[in-house]
Amino acid sequence: GAIVAIFVGGVKISDLGHFLPAGMLLSDWVAVPLTALVIVGVTNATNLSDGLDGLAGGIALLIFLCIGYLGVSQNDWIVTMVAIAVGGAILGFLRFNSHPAQLFMGDAGSQLLGFVAILLSIKLTQGSDQLSVILPLIILGLPILDTLTVMTKRLINRRSPFAADRTHFHHQLISIGLYHTEAVVTIYIAQSLLILFAIVYHQANDWYFFIGYVCFS
């Protein structure tokens, strides 16, 4: 799916903004594998966030609202329409996926949301003079941070980074005594902070975005 998006859809990370000298772009030898890694990574990170009723859907709804808003600000109506359509579908689905859930999206649903979200984010920010190239990291920051944290812990404990366990953020919130709904709302709030940061400072220097994300992490 990532390869199709890159070579057929033309979605590619070639501009790293202030992380490279002015006007310098990545060659395809670097840009293509980097983009594939990012797409596959975020797709699976979104899937891994689907651990509680309404969690992945709520996070994704916030992400697509942000993408839709930024799409309007950039007059990118294709990105805007897709973001609004997917967000509307999620909103209807959450009616039946909130705790206690009656419907579940499964891997195919959560991976689709991550896949579409990262494609729209890349398309929106690459080549734009008004949006930081680090915005996708901020917009999708919580699923990415959760996945990287869990995998790092597993490697430290000399376990496979892909082995299943109960060390995700939502598991830890439950383990310290939060109820199901409280854990979900806590993660919604954290994701909302990242979304607000992305919207308010979308024109900021790429380094400021990166440092801000590291501090949040």
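Computed from a prediction, not measured in an experiment: that's the story for all the values here.

Undergrad: Even after reading the chapter, I still don't get helix α2 (residues 28–48), so can you show me in this structure?
TA: Between its first and last C-alpha, α2 extends 30 Å over 21 residues, near the 30 Å set by a 1.5 Å rise per residue. Of all the residues in α2, the buried ones are Ala31, Val32, Thr35, Ala36, Ile39, Val42, Thr43, Ala45, Thr46 and Asn47. Its buried side turned inward, α2 meets α1 (2–7), α3 (55–73), α5 (106–125) and α7 (141–156).

Undergrad: So what exactly am I meant to see when it comes to α5 here?
TA: For an α-helix, 3.6 residues make a turn, and residues three or four places apart therefore share a direction. Helix length check: α5, at 20 residues, gives a terminal C-alpha distance of 29 Å against a target of 28 Å (1.5 Å per residue), a fit within 8%. Gly127 sits one or two positions beyond α5 and adopts a positive phi of about 85°.

Undergrad: What is the right way to read the packing of aromatic side chains from this model?
TA: Geometry of an aromatic ring pair is reported as the spacing of the ring centres plus the angle between the planes. Summed over the entire model, instances satisfying the criterion amount to five aromatic pairs. Here the aromatic rings of Phe19 and Phe210 are separated by 6.0 Å at their centres, their planes lie at 85°, and the arrangement is edge-to-face. Of this pair, Phe19 sits in the loop between α1 and α2 while Phe210 sits in helix α10 (residues 206–216), and the two are 191 residues apart along the sequence. Ring plane angle 55° and centroid distance 5.4 Å describe the contact between Phe197 and Tyr201, whose orientation is recorded as tilted. When its relative accessible area of 24% is taken as the criterion, Phe197 is described as partly exposed. Here the aromatic cluster, defined as three or more aromatic residues joined through ring pairs, consists of Phe19, Trp207 and Phe210. The ring centre of Phe96 lies 5.1 Å from the NZ or CZ of Arg95, which sits over that ring.

Undergrad: I keep staring at the nonpolar core and nothing clicks. Help me out?
TA: Most often, soluble globular proteins have nonpolar side chains that are buried together. One finds Ile39, Phe64, Ile67, Ile90 and Ile139 to be the most contacted residues of the largest nonpolar core, which totals 54 residues. The element best represented in this core is α3, accounting for ten residues. Apart from residues lying up to four places away in sequence, Ile67 is in contact with Val79, Ala83, Ala117, Leu120, Ser121, Leu124 and Ile139.

Undergrad: Looking at this structure, I do not really get the pattern of salt bridges. What am I missing?
TA: Pairing between side chains of opposite charge can happen when the charged atoms of each approach one another. For the structure shown, the criterion picks out two salt bridges. The salt bridge partner of Asp28 is Lys12, with a shortest N-O separation of 2.7 Å. Separated by 16 residues along the polypeptide, Asp28 in helix α2 and Lys12 in the loop between α1 and α2 bring together distant segments of the chain. Classification of Lys12 by relative accessible area gives partly exposed; the value is 27%.

Undergrad: Just to check I follow, could you spell out the packing of helix α4 (residues 77–97) against α5 for this structure?
TA: Each packed pair of helices is defined by two parameters, the angle between the axes and the distance between the axes. With their axes 11 Å apart at the nearest point, α4 and α5 run at an angle of 155° to one another. On the basis of their axis angle, the class for α4 and α5 is roughly antiparallel. Remark: the crossing between α4 and α5 carries left-handed chirality. Judged by residue contacts, Val79, Val82, Ala83, Val86 and Ile90 of α4 engage Leu113, Val116, Leu120, Lys123 and Leu124 from α5. Here the contact of α4 with α5 is composed, by residue class, of nine nonpolar, no polar and one charged.

So, how was this worked out
- Residues numbered from 1 in each chain as written.
- Predicted model: local features only at pLDDT ≥ 70, side-chain atom pairs only at ≥ 80, totals over all residues.
- Heavy atoms only, no water.
- Helix = DSSP H or I, 4+ residues; strand = E, 2+ residues; numbered from the N terminus.
- Expected span 1.5 Å × (residues − 1).
- Buried < 20%, exposed > 50% of the residue type's maximum accessible area, 1.4 Å probe, protein only.
- Contact = heavy atoms within 4.5 Å.
- Phe/Tyr/Trp six-rings, centres within 6.5 Å; stacked < 30°, edge-to-face > 60°.
- Lys NZ or Arg CZ within 6 Å of the ring centre and 35° of its normal.
- Core = buried A, V, L, I, M, F, W, Y, C linked by side-chain atoms within 4.5 Å.
- Salt bridge = Lys/Arg side-chain N within 4 Å of Asp/Glu carboxyl O.
- Axes fitted to C-alpha atoms, helices over the stretch in contact; angles between N-to-C directions.
- Parallel < 35°, antiparallel > 145°, perpendicular 65-115°, else oblique.
- Left-handed = near helix turned anticlockwise from the far one by under 90°.
- Nonpolar A, V, L, I, M, F, W, Y, C, P; charged D, E, K, R; others polar.

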